[in-house]
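As a plain string of letters, each chain reads:
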Amino acid sequence: MKLILLGPPGAGKGTQCKRIIEKYGMEHLSSGDILRAERAEDTELGQKAQSYMDSGQLVPDDIIIGMMIKAMTKSSGGYVLDGFPRTTVQGEELDKALAAEGEKINAIVNLEVDDEVIMPRMTGRRSCPKCGAVYHIENLKPRVEGVCDNGCGELVQRPDDTLEVVSNRLKVYHEQTSAVVGYYKDSGSLIININADQPIEEVTASIFAELDKLNVQVG
Ligand code: AP5
């Protein structure tokens, strides 16, 4: 099963993907996480992406498409794409690459949440730079304040989680990414709309209820 998780920054894509892969055993392919790993290793790709990410702009399509298709090719079974595709061009290229293998995306889970809910989620987010675990200073606290539950060490605030950059990311989402839902609607794909303005556990339960109907399994 191949899924896409769509939604604005802070909708809870990363949080929910971790729960989906735990339950259904698929792989989590997050474009944001892959880009941050490239930056941490100071690769050429990471250097190219840095200024776009820090200002809340999208990294150019040609960089992202190649990077994500490489990650998908390495994956041996089902996966959830998180943060990709983010433009209709990315969606078209993804579909072409899958069609060449005789495959397709089975469903799109679209997390819906209003902009005013997002800002406190983003500015309160704390992440583990080592294992990628995500917390929130109020909604999802680690056992010890400021420290990752997985024993990795100190949590950090992402540089793109400031008020100014989040505002820009939301603007970019409305201008360039929200159209991706329309792209998949027009192509007749299965779109599962989820109200993401509920507590984390309730969002998870809504997603699981829908995915259970699809009989989601690895591969
Ligand atoms: P990326 O890392 O993908 O960022 P994003 O899409 O903006 O999404 P986030 O990771 O910020 O949010 P999320 O929806 O995963 O929310 P989370 O679960 O963490 O991309 C970063 C940058 O990389 C982009 O700006 C761009 O530059 C570049 N990039 C990446 N992909 C690209 C692409 N395809 N094309 C071009 N450029 C690309 O939750 C957020 C917080 O809220 C957490 O603290 C969490 O605990 C809390 N929370 C979650 N759910 C709830 C809830 N229901 N109630 C209360 N709190 C909640």
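Read on for an overview of the structure. (Residues numbered from 1 in each chain as written. Predicted model: local features only at pLDDT ≥ 70, side-chain atom pairs only at ≥ 80, totals over all residues. Heavy atoms only, no water.)

### Focus: the packing of aromatic side chains
Enumeration over the complete set of coordinates arrives at 2 aromatic pairs. Arranged with centres 4.9 Å apart and planes meeting at 75 degrees, the rings of Y183 and Y184 form a pair that is edge-to-face. Taking the relative accessible area as the measure of exposure, Y183 reaches 18% and is therefore buried. Overall, the relative accessible area of 1% leaves Y184 in the buried class. (Phe/Tyr/Trp six-rings, centres within 6.5 Å; stacked < 30°, edge-to-face > 60°. Buried < 20%, exposed > 50% of the residue type's maximum accessible area, 1.4 Å probe, protein only.)

### Quick notes on the sheet that holds strand β4 (residues 107-112)
On the basis of which strands lie adjacent, the open sheet formed by 5 strands has the order β2-β3-β1-β4-β7 and parallel pairing. Both outer strands of the open sheet, β2 (27-30) and β7 (191-195), are each paired with one neighbouring strand and no more. Mean inter-strand twist for the sheet, computed between neighbouring axes without regard to direction, equals 20 degrees. Across 4 bridges, the pairing between strand β1 (residues 2-6) and β4 is parallel. The residue of β4 that forms the bridge with I4 is I108. (Pairing = 2+ DSSP bridges. Helix = DSSP H or I, 4+ residues; strand = E, 2+ residues; numbered from the N terminus. Axes fitted to C-alpha atoms, helices over the stretch in contact; angles between N-to-C directions.)

### Let's talk about the nonpolar core
Formed by 26 residues in total, the largest nonpolar core has its most connected members in I4, M72, L81, F84, L94 and Y184. Listed by contribution, the elements that provide at least two residues to this core are β1, α3 (44-55), α4 (61-74), β3 (79-82), α5 (88-100) and α8 (179-186). Counting residues per element, this core draws most heavily on α4, which supplies 7 residues. The residues touching L94, leaving out its near neighbours within four places in the chain, are I4, M72, L81, F84, P85, I105 and Y184. Listed in part, the 25 residues of the second largest apolar core include M26, V80, L111 and V113. (Core = buried A, V, L, I, M, F, W, Y, C linked by side-chain atoms within 4.5 Å. Contact = heavy atoms within 4.5 Å.)

### Points about the side chain of T204
Here T204 is to be found in helix α9 (residues 200-214). On the accessibility criterion, T204 (5% relative accessible area) is buried. Once residues within four sequence positions are removed from consideration, T204 is found in contact with Q16 and R19.

### With respect to the packing of helix α1 (residues 13-24) against α9
Between α1 and α9, the least distance of the axes is 10 Å, while the angle of their chain directions is 45 degrees. Classified by the interaxial angle, the pair formed by α1 and α9 is oblique. Our pair here, α1 against α9, has a crossing hand that is right-handed. For the pair α1 and α9, contact is made by T15, Q16, R19, I20, K23 and Y24 and by I200, E201, V203, T204, I207, F208, L211 and D212, respectively. The residue inventory of the contact of α1 with α9, partitioned by class, reads 7 nonpolar, 3 polar and 4 charged. (Parallel < 35°, antiparallel > 145°, perpendicular 65-115°, else oblique. Left-handed = near helix turned anticlockwise from the far one by under 90°. Nonpolar A, V, L, I, M, F, W, Y, C, P; charged D, E, K, R; others polar.)

### Here's the deal with the site of the ligand
Surrounding the ligand, one finds 37 residues, the nearest of these being T15, Q57, R86, R125 and R169. Contact between the ligand and R169: an oxygen atom at 2.5 Å from a side-chain N or O atom of the residue. In this structure, Q198 approaches the ligand through a main-chain N or O atom, which is 2.8 Å from a nitrogen atom. Considering the ligand on its own, with 1,000 Å² of exposed area, one finds that the protein chains cover 96% of that surface. Sorting the residues of the shell around the ligand by element identifies α1, α2 (31-40), α6 (115-123), β6 (134-136) and α9 as the ones contributing at least two each. (Near = heavy atom within 4 Å. Polar contact = N/O pair within 3.5 Å; in protein donor to acceptor, adjacent residues only side chain to side chain. Areas by Shrake-Rupley, 256 points an atom, 1.4 Å probe, with all protein chains shown as cover.)

### Considerations on a negative patch on the surface
The grouping of D114, D115, E116 and D197 at the surface amounts to a negative patch. Relative to the helices and strands, D197 is located in the loop between β7 and α9. (Patch = residues over 30% accessible without salt bridge, like charges linked within 9 Å, V, L, I, M, F, W, Y side chains within 5 Å. Salt bridge = Lys/Arg side-chain N within 4 Å of Asp/Glu carboxyl O. Lys, Arg positive; Asp, Glu negative; His and termini not counted. Charge placed at Lys NZ, Arg CZ, Asp CG, Glu CD.)

### Some remarks on unusual backbone geometry
The linkage connecting F84 with the following residue, P85, adopts the cis geometry, with an omega of 0 degrees. When you line up the elements, P85 lands in the loop between β3 and α5. For D42, which is not glycine, the phi dihedral falls at a positive 55 degrees. For D42, the position within the fold is in the loop between α2 and α3.

### Description of the packing of α6 against helix α7 (residues 163-177)
It is the contact of α6 with α7, at a shortest axis distance of 10 Å, that shows an interaxial angle of 140 degrees. Here α6 lies oblique to α7, going by the angle between them. Considering the relative orientation of α6 and α7, their crossing is right-handed. Contacts between α6 and α7 involve D115, I118, M119, M122 and T123 from the former and L163, V166, S167, R169, L170 and H174 from the latter.

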